[in-house]
Amino acid sequence: MYARVATFEGGDVDELRRLNEERMAEGTAGIPDGVTRAMVLQGERRLFVTFFDSKESLEAAEARFEAMGDEIPEAVRGKRVGVDTYEVVFDEAV
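Just so we're clear, the structure is a prediction, and the values are computed from it rather than from any experiment. (Residues numbered from 1 in each chain as written. Predicted model: local features only at pLDDT ≥ 70, side-chain atom pairs only at ≥ 80, totals over all residues. Heavy atoms only, no water.)

(A) Local environment of the layout of surface pockets. In this structure, the largest pocket encloses a volume near 750 Å³. In terms of lining residues, the largest pocket is bounded by 25 residues, among which Leu 16, Val 40, Phe 48, Met 68 and Ile 72 are the most central. Elements that contribute at least two residues to the lining of the largest pocket include exactly strand 1 (2–9), helix 1 (13–26), strand 2 (35–42), strand 3 (46–52) and helix 3 (62–71). Element by element, the count of residues in the lining of the largest pocket is highest for helix 1, at seven residues. By residue class, the composition of the lining of the largest pocket is 15 nonpolar, three polar and seven charged. (1 Å grid on protein atoms, 1.4 Å probe; cavity = no way out; pocket = protein on both sides within 12 Å on 5 of 7 lines; lining within 4 Å. Points joined across faces, edges and corners; volume = space filled by probe spheres on them. Helix = DSSP H or I, 4+ residues; strand = E, 2+ residues; numbered from the N terminus. Nonpolar A, V, L, I, M, F, W, Y, C, P; charged D, E, K, R; others polar.)

Right, here's the structure in full:
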């Protein structure tokens, strides 16, 4: 399993939450093919974490992630300051 972590600064968390709920209700969230799980972590920065079964699936989704940046204004999503990928070595639900 692989994880892609995009890091954002700034933006409007409340508007992002509202927009996400609206897009999910309409079925237009636009999450890339191959994503098995997605989450957003909010702290001093916002982390958008997506999980994939394979590195190939992760790489194939990159163009869609770039397009999402064009669909959600920077004032809402924040400024992307980094993208990292990781192999998930351990994942256990307890």
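(B) Representation of the pattern of salt bridges in the model. Counting across every chain of the model gives seven salt bridges. Here Arg 4 makes a salt bridge to Glu 62, at a shortest N to O gap of 3.1 Å. You can see Arg 4 sitting in strand 1 and its partner Glu 62 sitting in helix 3, a full 58 residues away along the chain. Using a relative accessible area of 2% as the deciding quantity, one classes Arg 4 as buried. Exposure remark for Glu 62: the relative accessible area of 26% places this residue in the partly exposed category. One salt bridge connects Glu 71 with Arg 64, and the closest N-O pair in it is separated by 2.8 Å. (Salt bridge = Lys/Arg side-chain N within 4 Å of Asp/Glu carboxyl O. Buried < 20%, exposed > 50% of the residue type's maximum accessible area, 1.4 Å probe, protein only.)

(C) Molecular detail of the pairing of strand 3. Taken across its seven residues, strand 3 has six buried, putting it largely inside the fold. Pairing geometry for strand 1 and strand 3, over seven bridges, is antiparallel. Paired with Val 5 across the bridge in strand 3 is Val 49. Where strand 2 folds back on strand 3, the antiparallel hairpin that results is connected by three residues. (Pairing = 2+ DSSP bridges.)

(D) Looking closely at the nonpolar core. Of all hydrophobic cores here, the largest spans eight residues; its members are Ala 6, Phe 8, Phe 48, Phe 52, Leu 58, Ala 61, Phe 65 and Met 68. Mapped onto this core, the elements with two or more residues apiece are strand 1, strand 3 and helix 3. (Core = buried A, V, L, I, M, F, W, Y, C linked by side-chain atoms within 4.5 Å.)

(E) Focus on the sheet that holds strand 1. Judged by pairing direction, the sheet is antiparallel, and its four strands sit side by side in the order 2-3-1-4 without closing on themselves. Edge strands, defined here as strands with exactly one partner in the open sheet, are strand 2 and strand 4 (79–87). Pairwise comparison of adjacent strand axes, ignoring direction, gives a mean angle of 15° for this sheet. Pairing of strand 1 with strand 4, which is carried by eight bridges, proceeds in the antiparallel orientation. Its bridge partner being in strand 4, Arg 4 is matched across the sheet by Thr 85. Along the sheet face, helix 3 touches strand 1, strand 3 and strand 4 and points at about 150° away from the line of strand 3. (Axes fitted to C-alpha atoms, helices over the stretch in contact; angles between N-to-C directions. Contact = heavy atoms within 4.5 Å.)

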